[in-house]
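Each chain, letter by letter, is given below.
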Amino acid sequence: MSDPMEQFKAIFFEECAELLISLEEGLMQLQAGDSDVETLHSVFRAVHSIKGGAGTFGFAQLVSFAHIQETLLDDMRAGALEMEPAYLDVLLKAFDVLTELVGAAQQGIVLDENYGAEVARAMTDILKHTGVPLSGEEDHAAAQADSGLGEVAAKEHLFQILFKPFPDMFQRANEPLLLIRELACLGRLETILDQTALPDLEDMKAEQAYFIWRFRLVTSANVADIEEIFEFVEGDCDLDITDLGPYLSPDAFVADDAAGLFEPEDTLVASSQKTTRPKDTKVRARSEEVVSKSIRVELDKVDRLVNMVGELVITQAMLQEQGGQILVEQYPNLVQGIDEMSRHVRELQDSVMAIRAQPVKSVFSRMPRLVRELTGALDKKARLVMSGEETEVDKTVTERIGDPLMHMIRNSVDHGLESPEERRAAGKDEEGVIHLSAFHRGGRIFIEIADDGAGINQDVVLRKAIERGLVHSDAILNDDEINNLIFMPGFSTAEAVTNVSGRGVGMDVVRKNIQGLGGRISIDSTPGKGSKFSMSLPLTLAVMDGMVVEIGREKYVLPLANIIQSLRPEPDEISALPDGRNLMMFRGDYISLVPLYDIFKVQDAQRDPCNGLVVVVEGEGGVLMGFIVDDLVNQQQVVIKSLEENYELVEGVSGATILGNGLVSLIVDIAAVQSLSSGPYELSETSPRPSESKTEVRYQ
Amino acid sequence: MTTEVLQTETETRSDTDGMTRQYISFTIGAETYAVKITMVREIKGWIPTTSLPNAPDYMRGVINLRGVIVPVFDMRTRFGRGRTEPGKTHVVIIVTLEERTIGILVDAVSDILTIAAEDILAVPDQDANPEYAFMEGLVSVNEKMIAIVKPRMLFDMNKIPDMDLAGNASDENTGDMARAAVA
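Worth saying up front: this structure is predicted, and the values here are computed from it rather than measured. (Residues numbered from 1 in each chain as written. Chains lettered and ligands numbered in written order. Predicted model: local features only at pLDDT ≥ 70, side-chain atom pairs only at ≥ 80, totals over all residues. Heavy atoms only, no water.)

## Structural notes on the overall build of chain A
Counting its regular elements, chain A contains 22 helices and 23 strands. The buried share of chain A, reckoned over its 700 residues, is 46%. Counting contacts in chain A only where the partners sit at least 6 residues apart, residues at least 24 apart contribute 71% of the total. (Helix = DSSP H or I, 4+ residues; strand = E, 2+ residues; numbered from the N terminus. Buried < 20%, exposed > 50% of the residue type's maximum accessible area, 1.4 Å probe, protein only. Contact = heavy atoms within 4.5 Å.)

Spelled out as structure tokens, the structure:
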């Protein structure tokens, strides 16, 4: 980013993203009815900030739209306009338009001139309707100041304002010029620029604020009006507003130049009174606190840190392995030191991972809008209720659950919820409710999507599955098995292809992506009552618990989460099929034994399960399989490394890790092995690469 | 066992003289090849690799290069001259190909050559023999021919032409090609 403007723009858009989230949150609160004046204020502030920044960068369309929105909100918060549900609808629509406009500005797309015109008109209508003139507050204030000057001169006060930006104020996309302009609109302004803090040119950092401004302002506005101008730099500057009392003579304003500007002056001041209200100092103190408690760090830097800690974990594993061979009696301190270090490394790792953790809110926040759009498009009524948005999970996970989540929400609205008429007929509230929740349990994150719709129609599902040849027509399936059919590739219950779904990307892709994240998904559905999709996901993708196993001369890592049990079978528990495959009796069922040594072409491996070991793992769809291995080595946390970074995807392998001895070990992709082992073991060169379809599929 | 190549130094030197480039030459049996020095990140002694399932036979497996998984290719196998049985003296040249890092297993690194651009001769019949695509040119040093290779063409997994040199080892053309490097 060589262009500083680009950098500021990037910061602006980052802020926009945050502001839009808080804006939507505020609107949701308003919608839910649990709002106070502060909510309206924060909603207004968000729009105002976006407008301000957009103005700086010259996004005219964005500014003009935000301006109307801001005016409307301003009247609402000022109490000039009573909030009504109909207005809220308009505000929500306006929010969508604003989001779109910000997105367009960010990507440099030029939207149609009339984009959002309808919503803008709806807002101006509200304003007209209530007789509030649609004028910019600047104009508004300026008009007031202009017209007021002659007649109400006696009501004018002289204010002395000290504005001292903190050095990093610019980094939050604040622009003093805009503030000063706005200040000038309030009345007659005298500006003194204090440059004393300006360092020598070579010491100067362009992005830091060095100037201090002192203003004298003659205005009929009050302290609150002035404070409002500085509202957005609160916490980013020292601000001191002093009311020097009624402004007496126009001459005094000129004369006092000689007297030195900011000495208290008896001639001018009837009763000098500091009016910085205690409430504001409190607000300022609070925002300063927030600033000091978090910093914004480039993701690259965090990634580097995570990588380094990953290396440290490997080194630590190596030391521990070597340490195990040291005689404790001989070097007690060394052994103790290694133990202690291991604990610290583990803690360090947890702390570093926590840096990347972010609330799922960033993903959840996209969903209300989706539901609004869908209900509009499908003529349904739905309300999205979210909980656990603060639940934290690694950034990579939040980045990748967005699409599957959107797809499932879409499904819930489209297939899950009935039309308002059907709902009424079923004795339900016309408005369907979709619950989206997240919570931690047992070192994993659970995300659930529950709707109170019709539930999965098992007859239809079964019929479709049979029609499509996914199940045999006389198969007997239990409820769970039928529900799980919707995860089969090529399955779709949509009777008609709509704009919303039924474009061929189905729940199979959702499940695949969730499994790609090391997660699982399950359904719980009750006819007439609704369905619940539960996802269980790992907190991070960078590290996992693995079981290191030995196969011939190679060591492989099996994901611990998939391992059910390892055992050495008795010969009478093994039976062979005519095609040479072996089955093993396990907990009353036959499970197939997968010869990993064949799939991975490992030499000198133990081929007889009765001499080696069988690790029973759970594959896709809860299918149990037995992997034949020579031996178990140990269970350890492994740092997942990419093979594709420098090579290419290897079938049956999800990645690699580095063991304590510094050697590379491959991590077995259980789902891939499962599909490999169901085909012929002899792999052809031309066999399709499963990853490609995985990454390229886009949700429609 | 690791020799870091001081890239900055060599680059400055070649910068001062725009017409010359530096190459690192290496041997496979009696043959000598060379690769552009700016591509070489470092030279490592042989360490055992972890083999990957179902990889081509010239793909020896992966190693851990300070936490990064790097594939190692056997240059000898790639040229259809059998498999290298690595010992203490064998080295892996770590080469950067655009965004990827790979290792090339060779017998030994022999020299750093400074070659003027005009001394690099075209590979004969390049169009007729797609196998020659991995050669950038030929150069004569002390009356010995050295083939300058383009590792990207050899090992870029997505781009390499599927050349079955091993199967054609008896074929005169290919055999000569490899021997041409010595002659």
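## A look at the sheet that holds strand β9 (residues 432–441) of chain A
Residue and element names in this part refer to chain A. With mixed pairing, five strands are arranged side by side in an open sheet as β7-β9-β10-β12-β11. The open sheet has two free edges, formed respectively by β7 (382–387) and β11 (520–526), since each of these has just one partner strand. The sheet shows a mean angle of 15 degrees between the axes of neighbouring strands, taken without regard to direction. Sheet topology note: the β9/strand β10 (residues 444–451) ladder contains eight bridges and is antiparallel. Each residue of the ladder has a partner; that of Leu436, found in β10, is Ile449. Its contacts with the sheet place helix α14 (residues 367–378) against β7 and β9, and it is angled at close to 170 degrees to β7. Against the sheet, helix α19 (residues 507–516) touches β11 and β12 (530–538), its axis set at about 135 degrees to β11. (Pairing = 2+ DSSP bridges. Axes fitted to C-alpha atoms, helices over the stretch in contact; angles between N-to-C directions.)

## Some remarks on the packing of aromatic side chains
Within this structure, the stated rule accounts for 14 aromatic pairs over all chains. Here the aromatic rings of Phe12(A) and Phe59(A) are separated by 6.4 Å at their centres, their planes lie at 20 degrees, and the arrangement is stacked. In this pair, Phe12(A) sits in helix α1 (residues 4–32) while Phe59(A) sits in the loop between α2 (37–57) and α3 (60–77), placing the two residues 47 residues apart along the sequence. We classify Phe59(A) as buried; its relative accessible area is 15%. Aromatic ring contacts, followed pair by pair, group Phe12(A), Phe13(A), Phe57(A) and Phe59(A) into a single cluster. Across from the ring centre of Tyr58(B), 4.6 Å away, lies the NZ or CZ of Arg78(B), which sits over that ring. (Phe/Tyr/Trp six-rings, centres within 6.5 Å; stacked < 30°, edge-to-face > 60°. Lys NZ or Arg CZ within 6 Å of the ring centre and 35° of its normal.)

## Quick notes on the sheet that holds strand β23 (residues 664–668) of chain A
All names here are of chain A. One open sheet holds the five strands; their spatial order is β21-β13-β14-β23-β22, and the pairing between them is mixed. Pairing within the sheet leaves two strands with one partner each, and these edge strands are β21 (631–639) and β22 (653–658). Sheet twist, expressed as the mean angle between neighbouring strand axes with direction ignored, is 35 degrees. Across five bridges, β22 lies against β23 in antiparallel orientation.

## Comments concerning a negative patch on the surface
Residue and element names in this part refer to chain A. Side chains of Asp479, Asp480, Glu481 and Asp524 sit close together on the surface and give a patch of like negative charge. The element that contributes the greatest number of residues to the negative patch is helix α18 (residues 479–484), accounting for three residues. Secondary-structure assignment places Asp480 in helix α18. (Patch = residues over 30% accessible without salt bridge, like charges linked within 9 Å, V, L, I, M, F, W, Y side chains within 5 Å. Areas by Shrake-Rupley, 256 points an atom, 1.4 Å probe, with all protein chains shown as cover. Salt bridge = Lys/Arg side-chain N within 4 Å of Asp/Glu carboxyl O. Lys, Arg positive; Asp, Glu negative; His and termini not counted. Charge placed at Lys NZ, Arg CZ, Asp CG, Glu CD.)

## Section: the nonpolar core
Judged by nonpolar contacts, the single largest core of 74 residues is most densely connected at Phe627(A) and Met75(B). Residue contacts for Met75(B): discarding those within four places in its chain leaves Phe26(B), Ile28(B), Ile104(B), Leu105(B), Val106(B), Val149(B), Leu154(B) and Phe155(B). If you look at the next biggest cluster of nonpolar residues, it comprises 44 residues, including Leu374(A), Ala382(A), Ile445(A) and Met507(A). (Core = buried A, V, L, I, M, F, W, Y, C linked by side-chain atoms within 4.5 Å.)

## Overview of the UniProt feature "modified residue: Phosphohistidine" (unreviewed entry) in chain A
Residue and element names in this part refer to chain A. The positions that UniProt labels "modified residue: Phosphohistidine" (unreviewed entry) are, in the present scheme, His48. Within the secondary structure, His48 is located in helix α2. The class of His48 is buried, set by a relative accessible area of 13%. (UniProt positions renumbered as here; feature names shortened; annotations may be inferred.)

## Comments concerning helix α12 (residues 332–356) of chain A
Over its 25 residues, α12(A) extends 37 Å from the first C-alpha to the last, a length consistent with the 36 Å expected when each residue adds 1.5 Å. Looking at α12(A), one finds that the buried residues are Val335(A), Ile338(A), Ser342(A), Val345(A), Gln349(A), Val352(A), Met353(A) and Arg356(A). (Expected span 1.5 Å × (residues − 1).)

## Side note on helix α7 (residues 176–186) of chain A
Of the residues making up α7(A), those classed as buried are Pro176(A), Leu179(A), Ile180(A), Glu182(A), Leu183(A) and Leu186(A). The buried residues of α7(A) occupy an angular sector of 165 degrees when projected down its axis, which confines them to one face. (Arc of directions from axis to C-beta.)

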